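Given next are the chains, with one letter for each unit.
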Amino acid sequence: MANQTALENIRIVLVNTTHPGNIGAAARAMKNMGLKKLYLVKPKIWPAEEAVWRSGHALDVLDNAVVTETLDEALEDVGFVIGTSARERAIPWPLLNPRETSVKVIEEAAHHDVAIVFGREDRGLTNEELQKCHLHLNIPTSDEYSSLNLAQAVQVVAYECRMTAVGDGLPSMKENTGDRREWDVKAANSAGMEHFYTHLEQVLIDIEFLDPKLPKQTMTRLRRLFNRQRLDEMELAMLRGILRNVDRLSKK
Ligand code: SAH
């Protein structure tokens, strides 16, 4: 029996999709693998006949798709975020292949929604979008051509998630379950982390650690640091409390 609950807690987020056919094909790929939650961030054309044609018997996934204006809205109550990318970016981020990622996804999805974010057909995800993620996923390809069709990338990732969910007890599962299973406090969600980063940036500017005219990569590196740690809600509340005190004392 597949771990259906975990699969259903996976959210496939498609950002700014140009071709509605890809949305339909992604919905089909999802349903084939037991995934249900599709989020569309500002699709270029929606609703669209072409999406319906390409979805096969996955019309329900399309009908239930949630359309949002921003990526933040699509990630609001999500506990773990994965960004997909066909190429290496300027700042290295924890990077896994779909098989490794799926172990993390299925483990996390037992506790909260997990988002897997896919980018635009022509230029993928922006650095800012990728920096909202806990880890990055890359599908290994030939060096000659690394960029898959969007829906086919969704298929590969959804398939690996299913294989991990079905294969309860695979050795890789046992070794890699991480520490969330016995954790006593809920993981901080994306909206909470975004509020924290905004607060942190403001305080760092106020205490003149960060020069807003010359921010360099400070916030990127801090995001990477905290995202690597997987804060829980209590840790996040403590950090917000510390920032409030710094804020208050620095203005005395
Ligand atoms: N030129 C773009 C490619 C976009 S392909 C880029 O450099 O990122 C559209 C989307 O499909 C990507 O944003 C990603 O979500 C997914 N995708 C395509 N190939 C991929 C790969 N090899 N690994 C991971 N995701 C991939």
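Everything quoted here is computed from the prediction, not taken from an experiment. What you see as residue numbers is a count from 1 along each chain, following the sequence as written. Per-residue local features of the predicted model are confined to residues with pLDDT of at least 70, and side-chain atom pairs are confined, for both listing and counting, to 80 or more; whole-chain, interface and lining totals are unaffected and use all residues. As a convention, hydrogens and water are excluded, and side-chain values are obtained from all of the structure's heavy atoms.

(A) Molecular detail of the packing of aromatic side chains. Two rings from Phe, Tyr or Trp (for Trp, the six-membered ring) form a pair when their centres are within 6.5 Å of each other. A pair whose planes differ by under 30 degrees is stacked, one over 60 is edge-to-face, and the rest are tilted. The full count for this structure, using the stated rule, is two aromatic pairs. For the pair phenylalanine 196 and phenylalanine 226, a centre-to-centre distance of 5.0 Å together with 90° between the ring planes defines the contact as edge-to-face. Of the two residues, phenylalanine 196 is situated in helix 10 (residues 190–206) and phenylalanine 226 in helix 11 (residues 218–229); the sequence distance between them amounts to 30 residues. Here the two residues phenylalanine 196 and phenylalanine 226 agree in accessibility, since each one is buried. Put simply, the rings of Phe196, Tyr197 and Phe226 touch in pairs and so form one group of aromatic residues. Secondary structure elements follow DSSP: runs of H or I of four or more residues count as helices, runs of E of two or more count as strands, with numbering from the N terminus. Each residue is placed in one exposure class: buried if its accessible area under a 1.4 Å probe, protein chains only, is under 20% of its type's maximum, exposed if it is over 50%, and partly exposed if it falls in between.

(B) The arrangement of the packing of helix 2 (residues 20–32) against helix 8 (residues 150–166) in detail. In the contact formed by helix 2 and helix 8, the axes pass within 8 Å of each other and the chain directions differ by 10°. With respect to each other, helix 2 and helix 8 are oriented roughly parallel. For helix 2 against helix 8, the interelement crossing comes out right-handed. Judged by residue contacts, Asn22, Ala25, Ala26, Ala29, Met30 and Asn32 of helix 2 engage Leu150, Ala151, Val154, Gln155 and Ala158 from helix 8. Its residues assigned to classes, the contact of helix 2 with helix 8 shows eight nonpolar, three polar and no charged. Where helices are involved, their axes are fitted lines through C-alpha atoms of the stretch in contact, as for all axes, and angles between N-to-C directions lie from 0 to 180°. Angle categories are assigned with fixed cut-offs, so that under 35 degrees is roughly parallel, over 145 is roughly antiparallel, 65 to 115 is roughly perpendicular, and the rest are oblique. Handedness of each helix crossing follows the sense of rotation of the near helix against the far helix: counterclockwise by less than a right angle gives left-handed, clockwise gives right-handed. Note on contacts: a residue pair is in contact if any heavy atoms of the two residues lie within 4.5 Å. Ten residues, namely Ala, Val, Leu, Ile, Met, Phe, Trp, Tyr, Cys and Pro, are considered nonpolar, four, namely Asp, Glu, Lys and Arg, are considered charged, and the remaining ones, Gly among them, are considered polar.

(C) Local environment of the pattern of salt bridges. The working definition used for a salt bridge is a side-chain nitrogen of Lys or Arg within 4 Å of a carboxyl oxygen of Asp or Glu. Counting across every chain of the model gives 15 salt bridges. The partner of lysine 104 in a salt bridge is glutamate 108, and the shortest N-O contact between them spans 3.8 Å. On the criterion of helical spacing, the pair formed by lysine 104 and glutamate 108 is a turn pair, its members being four residues apart in helix 6 (residues 98–108). Residue lysine 104 is classed as partly exposed on the basis of its relative accessible area, which comes to 25%. Glutamate 108 sits in the buried class, given a relative accessible area of 0%. Among the salt bridges present, the one from arginine 120 reaches glutamate 129, with a minimum N-O distance of 2.8 Å. For the pair shown, arginine 120 and glutamate 129 are each scored as buried.

(D) Representation of the side chain of arginine 223. Position of arginine 223 among the secondary structure elements: in helix 11. Contact partners of arginine 223, with chain neighbours within four places excluded, come to Trp93, Gln131, Lys132, Glu194 and Tyr197.

(E) Region of interest: helix 12 (residues 233–250). The length a helix should cover is 1.5 Å for every residue beyond the first. Under the 1.5 Å per step criterion, the end-to-end length of helix 12 is 26 Å for 18 residues, consistent within 8% with the ideal 26 Å. Every buried residue of helix 12 is accounted for by Leu236, Gly241 and Leu243. Looking straight down helix 12, one finds its buried side chains confined to an arc of 160°; they lie on one side. Of the residues in helix 12, the exposed ones pointing more than 90 degrees away from the buried face are Met234 and Met238. The arc under discussion is defined with respect to the helix axis, by the directions toward the C-beta atoms.

(F) Seen up close, the environment of histidine 136. With respect to the helices and strands, the residue histidine 136 is situated in strand 7 (residues 135–137). In sequence terms histidine 136 and proline 94 are 42 residues apart; their C-alpha atoms lie 6.1 Å from each other. Excluding anything up to four places from it in sequence, histidine 136 contacts Gly83, Trp93, Pro94, Leu95, Leu96 and Leu130.

(G) Looking closely at the environment of alanine 90. Note on placement: alanine 90 falls in the loop between strand 4 (80–84) and strand 5 (95–96). Between the C-alpha atoms of alanine 90 and asparagine 127, which are 37 residues apart in sequence, the distance is 8.6 Å.

(H) Fine view of the sheet that holds strand 4. Strands were regarded as paired on the criterion that DSSP finds at least two bridges between them. Taking strand neighbours across the sheet as the criterion, the seven strands line up as 3-2-1-6-4-7-5 in an open arrangement whose pairing is parallel. The two strands at the open ends of the sheet, each matched to only one other strand, are strand 3 (66–68) and strand 5. Pairing geometry for strand 4 and strand 6 (residues 114–118), over four bridges, is parallel. Paired with phenylalanine 80 across the strands is valine 114, a residue of strand 6. Each of strand 1 (10–15) and strand 2 (37–41) is contacted by helix 2, which is oriented at about 160° to strand 2, the strand it contacts most.

(I) Broad picture of a nonpolar patch on the surface. Only residues above 30% relative accessible area that lack a salt bridge enter a patch, with like-charged residues linked at up to 9 Å and the nonpolar side chains Val, Leu, Ile, Met, Phe, Trp and Tyr linked at up to 5 Å. To measure how exposed things are, a 1.4 Å probe is used in the Shrake-Rupley method; for residues, cover is taken only from the protein chains shown. Judged by side-chain polarity, Val52, Trp53 and Leu59 come together as a nonpolar surface patch covering roughly 310 Å² of accessible area. For leucine 59, the position within the fold is in helix 4 (residues 59–63). What makes leucine 59 partly exposed here is its relative accessible area of 37%.

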